[in-house]
Amino acid sequence: MTEETPQEKPAASHDPKRPAKLLEFMSTGWADRSADLPAEGAAAPFRAERRRRLAEQFPGEVLVIPSGRLKVRSNDTDYPFRPGSDFAWLAGSFEPDAVLVIDADGTATLFQAPSWDRTTPAFFTDRNGELWVGPRPSLDAVTAELGITARPLEELEKLQGTAARVLQGYDEAAAAFFESSEQADKELATWLSEARLVKDEWEVAQLQEAVNATIKGFEDVARALPQAVETSERWAEGVFGLRARVEGNDVGYGSICAAGSHACTLHWTDNDGPVVPGELILLDMGVEGNELYTADVTRTLPVNGTWTPRQREVYELVYRSQEAALAECKPGNSFLDPHKAAMRVLAEGLEAMGIVESAQEVLADDDKRYSRWTLHGVSHMLGLDVHDCAHARDEVYRDGPLLPGYVLTVEPGLYFQPDDLLVPEDLRGIGVRIEDDVLITEDGYRNLSAALPRDPDAVETWMASLR
Ligand code: GLY
Ligand code: MN
């Protein structure tokens, strides 16, 4: 045995050398691991059904869905690992480098690294080894919990050269084992996105949990606004991040904590600006739960708990536009109907404020000048990804009908840039967005985030109650 093991990378770090005597010593004297197996998880039957439908869609074909790989953040430090959403939807393992293979006969096998053994030194020399980052479950435990046969990752090599459809973009090394075509792979990605549009009951429960944790996070932040005033928007980001890490896996996307005119920047995530009493703060934040489903909720709050008349005027207009959009959330309506309803209300409001001359004129498909102040679409699908089902075809998603089981955001906004010469001066720098997460039901919708106040009076009452 050499002094440095083959598993060790050449010393980028400056760890102490490990003599052969130590390596040998470390391989002895450990108790046997518990052979107890976990019970099957609650999600296992749902994932089995999804895999069955997938296999049925591509009969007689081998389908390959990798979990993804660790990504370097800097030098020898990686980003926290989060498996790809399609893999999570089908397999449920949290291991990097794992690969789900569905055979031509529909049998699923999960290839992933087994638990560390102590006969080789990697378990304590490798920076991803057990004594550095904690144990990995045994393949028997994975099989029991997920209800999929788990095999050692190295056995994937046996499939070298197999014709397959591969979910691309997650693991080039694993993809290289298989013979696949761009078109066939794309069809697999599209099918997965479209299949994920309708959430099953277990997924709806996960989303509701993520929303509930998010609502607690909004309460935390509203209560902590005085400290944000003392420091910066970062205080709000940090407080929400604490809730996200305690109640879930993480935030589902970079929290947007946009005080004052930062609210006019749609994805303001620098969060390094001042929070000023008398101004507004736009908070767009979502907890990603432990099963990786994320909420996506926005509230715009008066920092000191009370609207000025002008702030309230803008807020009420956005609120009315959201109500109009929500009323269009029902099966059979098109995905764009809530958007169109909100835009009508906003354009009419802009006309009433003297900002556009004629709502009717700017609402025309070949005009849309109102969008200077509304900027974005009102909805996107929500699930394992904040912008869920990204590979669904336009005819199914954007131009398709809403169906029971869809979960989407309803999030109109109005944004008056601080240097916009086309709006009255006292509106410049005001940005308002209100966003809720909605489940389409058999006869309408259920607002999963309804417990978080959004009516302008209720917002003031709620903020006063938290102080
Ligand atoms: N929450 C950010 C977005 O929907 O783009
Ligand atoms: Mn959103």
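Residues numbered from 1 in each chain as written. Chains lettered and ligands numbered in written order. Predicted model: local features only at pLDDT ≥ 70, side-chain atom pairs only at ≥ 80, totals over all residues. Heavy atoms only, no water.

### Here we look at the environment of Val 246
Consideration 1: Examined against the element boundaries, Val 246 turns out to sit in helix α11 (residues 233-247).
Consideration 2: The spatial distance from the C-alpha of Val 246 to the C-alpha of Pro 302 is 27 Å, given a sequence separation of 56 residues. (Helix = DSSP H or I, 4+ residues; strand = E, 2+ residues; numbered from the N terminus.)

### Digging into the coordination of the manganese ion (ligand 2)
Reference geometry at the metal: tetrahedral coordination by four donors gives ideal angles of 109.5 degrees; octahedral coordination by six donors gives 90 or 180 degrees.
Consideration 1: At the metal site, the manganese ion (ligand 2) is ligated by Asp 296 (OD), His 380 (NE2), Glu 411 (OE) and Glu 435 (OE), and these contacts range over 2.0 to 2.3 Å.
Consideration 2: Of note, the donors binding the manganese ion (ligand 2) are all from one chain and are spaced D-x83-H-x30-E-x23-E. You can see Asp 296 sitting in the loop between β13 (287-288) and β14 (297-302) and its partner Glu 435 sitting in the loop between β17 (431-433) and β18 (436-440), a full 139 residues away along the chain.
Consideration 3: Glu 435 gets classed as buried once you look at its relative accessible area, which sits at 0%. (Donors = N, O, S within 2.8 Å, 3.2 Å for Na, K, Ca; no water. Buried < 20%, exposed > 50% of the residue type's maximum accessible area, 1.4 Å probe, protein only.)

### Some words on unusual backbone geometry
Most peptide bonds are trans, and most residues other than glycine sit at a negative phi.
Consideration 1: In the Ramachandran plot, Asn 75 falls in the positive-phi region, its phi being about 50 degrees despite a non-glycine side chain.
Consideration 2: Mapped onto the secondary structure, Asn 75 falls in the loop between β2 (72-74) and β3 (77-78).
Consideration 3: Although it is not a glycine, Leu 375 adopts a positive phi angle of roughly 65 degrees.
Consideration 4: Among the secondary structure elements, Leu 375 is positioned in the loop between α15 (371-374) and β15 (407-410).

### Topic: helix α16 (residues 456-466)
One turn of an α-helix holds 3.6 residues; hence residues three or four places apart share an orientation.
Consideration 1: Buried residues of α16: Pro 456, Val 459, Glu 460, Trp 462, Met 463 and Leu 466, and no others. Taken end-on, α16 shows its buried residues confined to a sector of 165 degrees, consistent with a single buried face. For α16, exposure combined with an orientation more than 90 degrees from the buried face picks out Thr 461, Ala 464 and Ser 465.
Consideration 2: In this structure, the buried residues of α16 make contact with α9 (201-223), α10 (225-230), β14 and α12 (309-327).
Consideration 3: The N-terminus of α16 is capped by Asp 455, whose side-chain oxygen sits 2.9 Å from the backbone nitrogen of Asp 457. (Arc of directions from axis to C-beta. Contact = heavy atoms within 4.5 Å. Polar contact = N/O pair within 3.5 Å; in protein donor to acceptor, adjacent residues only side chain to side chain.)

Read these as layout, nothing more, since geometry by itself doesn't imply function.
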